[in-house]
Amino acid sequence: MKVLYFAWVRERVGKAEEALDPPEAVATVADLIAWLSQRGDEYAHAFEKPKVIRAAIDRIHVKQDTAIAGAREIAFFPPMTGG
Amino acid sequence: MKVLYFAWVRERVGKAEEALDPPEAVATVADLIAWLSQRGDEYAHAFEKPKVIRAAIDRIHVKQDTAIAGAREIAFFPPMTGG
Amino acid sequence: MTIPVTIRLQEEDFDVAREIAALSRGRTDIGAVVSFSGICRSDKVDGEGGDAIAALVLEHYPGMAEEEIARHAEEAVSRWPLTGLTVIHRFGRIVPGDNIVLVVTASSHREAAFHAAEFLMDYLKTRAPFWKREEGSAGSSWVDAHDRDDTAAARWAKS
Amino acid sequence: MTIPVTIRLQEEDFDVAREIAALSRGRTDIGAVVSFSGICRSDKVDGEGGDAIAALVLEHYPGMAEEEIARHAEEAVSRWPLTGLTVIHRFGRIVPGDNIVLVVTASSHREAAFHAAEFLMDYLKTRAPFWKREEGSAGSSWVDAHDRDDTAAARWAKS
């Protein structure tokens, strides 16, 4: 799956997107955040407060208990400040 | 005092304004409406439903129980439909 | 602080863009500009479809109309943190598709700009001394006031 | 009935007057047009006075931003009797005094035009995937989301 990062999540991770293939035990958005946090200091920093992080699956806002099975594109970002 | 009429009140009375000097017993806006209604068919028609008529004294909206003493300009008109 | 407040009653049309620009140009303290344009429709206000109108004729009470709008503009300025305010109301004959009324509000915050504009429009509808007559193929008739406009205005009453 | 819905994300500025005119020109069934322009302020959103900002830099999620705005535009059209709707959101670097966002709503009734515009602005603030970074003399920082924006958006939730 493609994983995208925006705003300070992108800055902390140090990249805008990457292709990832998490193990099957990673079932939900929250699982994916926990799994990403183990991948290095930059990820640990980006996801240090998981509750602040917003997620979208295939361009639709989702809660962190949402299953990621079948997702093509998962994005992580801070709360939105548009308008 | 100057008395002004607007919209269909003006059309029914047949004039836009006139100078009037009602007797002292005419104390309130409601009294003035009753007194005007006696002045002829055109006035009786204009004021046939007194509750519908709005009034302003010296360009400020007033209720019909307002005293008219000291008024220079009294206006009668239907409910407003601007905007 | 005095803010720019413009109130105009006029027979001629107005330019919405120019009025919006006048409130915001050259300033960097304005976060939100709301404009409301009221436009003459061709369907009768009270009609059930059917007859189309050829024009509205707006009568007003010169002197009082300006003063009444100014009082409500002052109230809007005292109730919301506005940085500027413009109200223009036309009178005379207005054909469908043409502008009738314009309210523009500017503020650093969007809620203030929205609320002040709605407040002013609700009051213009129910308190400003203007009367609309509709001209149609079957003659002309005065537009009736609407209870729903009174209800809309009542929500702004201070408790 | 399909109504004209325009949604644009762009780096360049927009012309408020042209967008208002596009929704109303040549039509006689529109009684009310409301426009909201969001403008870049020079004072920091989270600041207590002090430091002025030199620019906002708006990052967005291409693809999702359009889709998210389109979903809310559709909802606005289903909730209010609109005759037209335009949303334009800029991205990239924006200096104080310049436009950020525009919502224009047209309807035969003023309440519908006002409410739909407020609804869309509240949702753009809290749901559209845009992020603002402030550039100042002391460096740059991401703007924090505001609880009051969430509260404003929550009032439109269907019960």
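Residues numbered from 1 in each chain as written. Chains lettered and ligands numbered in written order. Predicted model: local features only at pLDDT ≥ 70, side-chain atom pairs only at ≥ 80, totals over all residues. Heavy atoms only, no water.

Draft legend 1. Looking closely at the relation of the copies chain C and chain D. With an RMSD of 0.0 Å, chain C superimposes on chain D once it is rotated by 180° and translated 0.0 Å along the axis. In the structure described here, the two chain copies are related by an operation that fits a two-fold rotation axis. Comparing interface residues between copies, 100% of those in chain C also lie at the interface in chain D; the contact surface is shared. (Least-squares fit on C-alpha atoms with pLDDT ≥ 70 in both. Contact = heavy atoms within 4.5 Å.)

Draft legend 2. Structural detail: the sheet that holds strand S8 (residues 139-142) of chain C. All names here are of chain C. Spatially, four strands are ordered S5-S3-S7-S8 in an open sheet, and the strand pairing comes out antiparallel. With one partner strand each, in any of the chains shown, strand S5 (92-94) and S8 form the two edges of the open sheet. Averaged over all neighbouring strand pairs, the angle between strand axes comes to 25°, with direction disregarded. Examined bridge by bridge, strand S3 (residues 53-60) and S5 share three bridges and lie antiparallel to one another. Considered in S5, the bridge of Leu-56 is made with Ile-94. (Pairing = 2+ DSSP bridges. Helix = DSSP H or I, 4+ residues; strand = E, 2+ residues; numbered from the N terminus. Axes fitted to C-alpha atoms, helices over the stretch in contact; angles between N-to-C directions.)

Draft legend 3. The arrangement of the interface of chain D and chain A in detail. Contact residues are listed per partner, giving 27 residues for chain D and 19 residues for chain A. Together, Tyr-61, Trp-131 and Trp-142 of chain D form the three largest contributors to the area buried by chain D at its contact with chain A, with a combined 33%. Along the contact surface separating chain D from chain A lie three salt bridges. In this structure, Arg-133 of chain D and Glu-11 of chain A form a salt bridge, with 3.7 Å as the shortest nitrogen-oxygen distance. Where chain D packs against chain A, one counts 14 residue pairs in polar contact (both at pLDDT 80 or more). Counting only elements with at least two residues in the side of chain D that touches chain A, the list comes to strand S3 (53-60), helix H2 (64-79), strand S6 (99-107), helix H3 (110-126) and strand S7 (130-136) of chain D. (Buried area = accessible area lost by both parts, 1.4 Å probe. Salt bridge = Lys/Arg side-chain N within 4 Å of Asp/Glu carboxyl O. Polar contact = N/O pair within 3.5 Å; in protein donor to acceptor, adjacent residues only side chain to side chain.)

Draft legend 4. Inspection of the interface of chain C and chain D at higher detail. Across the contact, 36 residues belong to chain C and 36 residues belong to chain D. Both sides together, the interface formed by chain C and chain D hides about 2,800 Å², and carbon and sulfur atoms give 53% of it. Three residues, Arg-41, Arg-110 and Phe-114 of chain C, lead the burial of chain C against chain D; their summed loss comes to 24% of the area buried on that side. Along the contact surface separating chain C from chain D lie four salt bridges. One salt bridge connects Arg-110 of chain D with Asp-122 of chain C, and the closest N-O pair in it is separated by 2.9 Å. Residue assignment for the side of chain C that touches chain D shows that the elements contributing at least two residues are helix H1 (16-24), strand S2 (32-39), helix H3 (110-126) and helix H4 (147-154) of chain C. Classifying every residue of the side of chain C that touches chain D by side-chain character gives 15 nonpolar, eleven polar and ten charged. In terms of strand pairing, S2 of chain C meets strand S2 (residues 32-39) of chain D through seven bridges, oriented antiparallel. What sits directly across from Ser-37 of chain C, in S2 of chain D, is Val-33 of chain D. (Nonpolar A, V, L, I, M, F, W, Y, C, P; charged D, E, K, R; others polar.)

Draft legend 5. Looking closely at the sheet that holds S3 of chain D. Residues and elements named next belong to chain D. In space, the four strands of this open sheet follow the order S5-S3-S7-S8, with antiparallel pairing throughout. Whereas interior strands pair on both sides, the edge strands pair on one side only; in this sheet they are strand S5 (92-94) and strand S8 (139-142). Taking each pair of neighbouring strands and ignoring which way they run, the sheet shows an average axis angle of 25°.

Draft legend 6. Main features of the packing of aromatic side chains. Summed over the entire model, instances satisfying the criterion amount to 26 aromatic pairs over all chains. Ring centres of Phe-77 of chain B and Trp-131 of chain C lie 5.1 Å apart, and the angle between their planes is 50°; on these two criteria the pair is classed as tilted. A residue pair is termed interchain when its members come from two chains, as with Phe-77 of chain B in strand S5 (residues 73-77) and Trp-131 of chain C in strand S7 (residues 130-136). Residue classification places Trp-131 of chain C among the buried residues on the basis of a relative accessible area of 1%. Between Trp-80 of chain D and Trp-156 of chain D, the ring centres sit 5.6 Å apart and the planes meet at 80°, which makes this aromatic pair edge-to-face. With Trp-80 of chain D in the loop between H2 and strand S4 (82-90) and Trp-156 of chain D in the segment after helix H4 (147-154), this residue pair connects regions lying 76 residues apart in the sequence. A relative accessible area of 12% places Trp-80 of chain D in the buried class. For Trp-156 of chain D, a relative accessible area of 9% translates into the label buried. Between Arg-133 of chain C and the ring centre of Trp-142 of chain C, over which it is positioned, the NZ or CZ distance is 5.4 Å. (Phe/Tyr/Trp six-rings, centres within 6.5 Å; stacked < 30°, edge-to-face > 60°. Buried < 20%, exposed > 50% of the residue type's maximum accessible area, 1.4 Å probe, protein only. Lys NZ or Arg CZ within 6 Å of the ring centre and 35° of its normal.)

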